[in-house]
Amino acid sequence: MSTAATLAAADAAATGPGFLSPGGVEIAFVLVGLATLGAALVTVTTRQLVHAALWLVVALGGIAVEYLLLTAEFIAWVQVLIYLGSVIVLLLFGLMLTKAPIGRSPDADSGNRWIALGVAAVAAVALVWVVVDAFRTTWIDLDGPVQGSTKVSGEILFQHWVLPFEALSVLLLAALIGAIVLSRRNSPAEDTDASDKGQR
């Protein structure tokens, strides 16, 4: 064996597996990602609103698992507490307060599936392009603090993302108030019955 081949073999052994040789974490990441994508597709295609909310729980839980696999434990638990613990509960309260049908809802399909699919495809391409363009030349310092740690995430959140975070909380509050207003609004039949009782 030549000296160049020996040096190449030593370099390969020192650097470990190559970029295209996935390990257990990478395989689990892909499998969980596929399950999350499937749950998201069922969420937007089912005609039962309660089932859509429950499948959304699965999709958001899958995203939390993906964060755990990326060693971003703080972001994963925020995902569980905020989205699974608050947004889904808010959504279910909205369904209950607005007296949404429990079974299949034929009117849940507006007939714009192809338009929605096109918009989703354009949004996905734009998102992938933005992420690739933003992180194309970014290198993570493995010897520095963990990128998903509480310290780093807290500094980024409360220094650069305070306004969007508070705006999201106001939006959720407005959604809850809107659900309460819609639940207290009488239908035309109920208004007619109330006026008939008043005349009697």
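Residues numbered from 1 in each chain as written. Predicted model: local features only at pLDDT ≥ 70, side-chain atom pairs only at ≥ 80, totals over all residues. Heavy atoms only, no water.

*Asks:* Mind laying out the packing of helix H3 (residues 49-69) against helix H4 (residues 73-97), listing which residues take part and the relevant values?
*Replies:* Between H3 and H4, the least distance of the axes is 8 Å, while the angle of their chain directions is 175°. Between H3 and H4, the crossing angle belongs to the class labelled roughly antiparallel. Only Glu73, Ile75, Ala76, Gln79, Val80, Tyr83, Leu84, Ile88, Leu91, Leu92 and Leu95 of H4 make contact with H3, whose side of the interface consists of Leu49, Val50, Ala53, Leu56, Val57, Leu60, Gly61, Ile63, Ala64, Tyr67 and Leu68. Among the residues making up the contact of H3 with H4, the classes are represented as 19 nonpolar, 2 polar and 1 charged. (Axes fitted to C-alpha atoms, helices over the stretch in contact; angles between N-to-C directions. Helix = DSSP H or I, 4+ residues; strand = E, 2+ residues; numbered from the N terminus. Parallel < 35°, antiparallel > 145°, perpendicular 65-115°, else oblique. Contact = heavy atoms within 4.5 Å. Nonpolar A, V, L, I, M, F, W, Y, C, P; charged D, E, K, R; others polar.)

*Asks:* So what's going on with the side chain of Thr36? Which residues, and what values?
*Replies:* Within the secondary structure, Thr36 is located in helix H2 (residues 24-45). A polar contact is formed between the side chain of Thr36 and the backbone oxygen of Val32, at a distance of 2.8 Å. Excluding residues that lie within four positions of it along the chain, Thr36 makes contacts with Ala59, Gly62 and Ile63. (Polar contact = N/O pair within 3.5 Å; in protein donor to acceptor, adjacent residues only side chain to side chain.)

*Asks:* So what about the side chain of Glu66? Which residues, and what values?
*Replies:* Residue placement: Glu66 occurs in helix H3. Judged by its relative accessible area of 11%, Glu66 falls in the buried class. Among residues more than four places away in sequence, those in contact with Glu66 are Phe29, Val32 and Gly33. (Buried < 20%, exposed > 50% of the residue type's maximum accessible area, 1.4 Å probe, protein only.)

*Asks:* An account of H3 is needed here, citing residue identities and associated values.
*Replies:* Taking 1.5 Å per residue as the helical rise, H3 with its 21 residues ought to reach 30 Å, and the 30 Å between its terminal C-alpha atoms agrees with that figure. Among the residues of H3, those classed as buried are Ala52, Ala53, Ala59, Leu60, Gly62, Ala64 and Glu66. Elements in contact with the buried residues of H3: H2 and H4. (Expected span 1.5 Å × (residues − 1).)

*Asks:* Report on a nonpolar patch on the surface, specifying residues and quantitative values.
*Replies:* A grouping of Ile27, Phe29, Val30, Leu31, Leu34 and Leu70 is seen on the molecular surface, where their side chains present a nonpolar patch of about 570 Å² in accessible area. Along the chain, Leu34 turns up in helix H2. Note on Leu34: relative accessible area 54%, which makes it exposed. (Patch = residues over 30% accessible without salt bridge, like charges linked within 9 Å, V, L, I, M, F, W, Y side chains within 5 Å. Areas by Shrake-Rupley, 256 points an atom, 1.4 Å probe, with all protein chains shown as cover. Salt bridge = Lys/Arg side-chain N within 4 Å of Asp/Glu carboxyl O.)

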